[in-house]
Amino acid sequence: MRDPEQAAEHLARAVELATANVASEGGPFAAVVVTADGRRFEGTNRVTATLDPTAHAEIVAIRTACRETGSPDLAGATLYSSCEPCPMCLSAALWARVDAVYFAADRHDAARVGFDDAEFHKYVTNHDQRDRMPLIELRPDNATAPFEAWEAFEDRVHY
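Keep in mind it's a predicted model, so treat the numbers as computed, not measured.

Some thoughts on the overall build of the protein
In step 1: Assigned secondary structure in the protein consists of 7 helices and 4 strands.
In step 2: Counting helices and strands in the order they occur from the N terminus, the protein gives α-β-β-α-α-β-α-β-α-α-α.
In step 3: Overall size of the protein, expressed as C-alpha extent along the three principal axes, is 50 × 40 × 30 Å.
In step 4: Buried positions account for 33% of the 159 residues belonging to the protein.

A short note on the state of the cysteines
In step 1: As enumerated under the stated definition, the model contains 0 disulfides in all.
In step 2: Between C66, a cysteine without a disulfide, and C89, which holds the nearest cysteine sulfur, the sulfur-to-sulfur distance is 13 Å.
In step 3: Using a relative accessible area of 16% as the deciding quantity, one classes C66 as buried.
In step 4: With no disulfide partner, C89 has as its closest neighbouring cysteine sulfur the one in C86, 3.7 Å distant.
In step 5: Classification of C89 by relative accessible area gives buried; the value is 0%.

So, the side chain of N45
In step 1: Mapped onto the elements of the fold, N45 is located in the loop between β2 (40–44) and α2 (47–50).
In step 2: Among the polar contacts listed, one links the side chain of N45 to the backbone nitrogen of V47, at a separation of 3.2 Å.
In step 3: Ignoring any residue separated from it by four or fewer positions in sequence, one finds N45 in contact with N21, G26, G27, F29, A55, H56 and A57.

So, unusual backbone geometry
In step 1: Even without glycine at this site, L51 takes up a positive phi of about 55°.
In step 2: Its place among the elements puts L51 in the loop between α2 and α3 (57–69).
In step 3: Given the relative accessible area of 74%, L51 is considered exposed.
In step 4: Of note in the backbone geometry, R97 takes a positive phi value of approximately 65° without being a glycine.
In step 5: Within the secondary structure, R97 is located in the loop between α4 (87–95) and β4 (100–105).

Here's the deal with the environment of E84
In step 1: Following the sequence through the fold, E84 ends up in the loop between β3 (78–83) and α4.
In step 2: Residue E84 is classed as buried on the basis of its relative accessible area of 12%.
In step 3: Spatially, the C-alpha atoms of E84 and F103 are 5.2 Å apart, while their sequence positions differ by 19 residues.
In step 4: With sequence-adjacent residues up to four places away left out, E84 is seen in contact with F103, A105, D106, R107, D117 and H121.

A few points about the UniProt feature "domain: CMP/dCMP-type deaminase" (unreviewed entry) in the protein
In step 1: Under the local residue numbering, the UniProt record ascribes the feature "domain: CMP/dCMP-type deaminase" (unreviewed entry) to residues 5–116.
In step 2: Here residues 5–116 runs as 44% helix and 20% strand, with 31 Å between its end C-alpha atoms.

Points about the packing of α3 against α4
In step 1: Interhelical geometry of α3 versus α4 gives an angle of 20° and a closest axis separation of 9 Å. Judged by the inter-axis angle, α3 sits roughly parallel to α4. The element α3 and its partner α4 pack so that their crossing is left-handed. Contacts between α3 and α4 involve E58, I59 and I62 from the former and M88, C89, A92 and A93 from the latter.
In step 2: The class makeup of the residues in the contact of α3 with α4 is 6 nonpolar, no polar and 1 charged.

What about the pattern of salt bridges?
In step 1: Evaluation of the coordinates by the stated rule reveals 8 salt bridges.
In step 2: One salt bridge connects R39 with D37, and the closest N-O pair in it is separated by 3.1 Å.
In step 3: Residues R107 and E84 are paired through a salt bridge, measuring 2.7 Å at the closest nitrogen-oxygen approach. On the criterion of sequence distance, the pair formed by R107 in helix α5 (residues 107–112) and E84 in the loop between β3 and α4 is long-range, its members being 23 residues apart.
In step 4: A single salt-bridge network, built from bridges that share partners, covers R13, E16, R40 and E42.

What counts as what
In this convention, every chain numbers its residues from 1, walking through the sequence in written order. The model is predicted, so local features are restricted to residues of pLDDT at least 70 and side-chain atom pairs to those at 80 or more, both for listing and for counting; the totals for chains, interfaces and linings are taken over all residues. Here the side-chain values reflect all heavy atoms present in the structure, with hydrogen atoms and water set aside. For helices the rule is a DSSP run of H or I covering at least 4 residues; for strands it is a run of E covering at least 2, with both sets numbered from the N terminus onward. Think of it in three bands: with a 1.4 Å probe and only protein chains considered, a residue is buried below 20% of the maximum accessible area for its type, exposed above 50%, and partly exposed in between. Here, the term disulfide refers to a pair of cysteine sulfur atoms separated by no more than 2.5 Å. Under the rule applied, a polar contact is a pair of N or O atoms within 3.5 Å (in protein, one hydrogen donor and one hydrogen acceptor; residues adjacent in sequence only if both atoms are side-chain atoms). Contacts are residue-level and defined by heavy atoms, with any inter-residue pair within 4.5 Å sufficient. UniProt positions are given in the numbering used here, feature names are shortened, and annotations may be inferred rather than shown by experiment. Here an angle of 0 to 180 degrees is reported between the N-to-C directions of two axes, which are lines fitted to C-alpha atoms, with helices fitted over the stretch in contact. Angle categories are assigned with fixed cut-offs, so that under 35 degrees is roughly parallel, over 145 is roughly antiparallel, 65 to 115 is roughly perpendicular, and the rest are oblique. Crossing handedness is defined as follows: a turn of the near helix away from the far one that is anticlockwise and smaller than a right angle gives a left-handed crossing, while the clockwise case is right-handed. Classification used: nonpolar for Ala, Val, Leu, Ile, Met, Phe, Trp, Tyr, Cys and Pro, charged for Asp, Glu, Lys and Arg, polar for all others including Gly. The working definition used for a salt bridge is a side-chain nitrogen of Lys or Arg within 4 Å of a carboxyl oxygen of Asp or Glu.

Laid out in structure tokens, this is it:
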């Protein structure tokens, strides 16, 4: 959906949801997924409410959209977020095959109130930041066994 008026409407809804979520045991984040056929799925940040560090608004909205559409593939959908998605949420949008992401506030706005988004973006893009959490590859002899099993499994569902 590339209509600027509709994009502004969906972003306004995400900001409205994010603002209300602050008083509902959630963080100041919300997202709206709009599918190619116009269905709308909303999500709010539930990290502290559910004690789940992956319960970001974008993830919640994507999970809901996938469950309700019956597919992990959201090709043709657009994600509208109250704030620039963190690397985890961007990855989820990529895995879901979302076509575009619109956001209101950015990672620096989030950092000003104590969220690590800007630091996580640095971690992903700058290998010099890996002292925060080392990323170490160890390759046992059977490292590729799961992929060999997947390739041999004729009833696999591609995603």
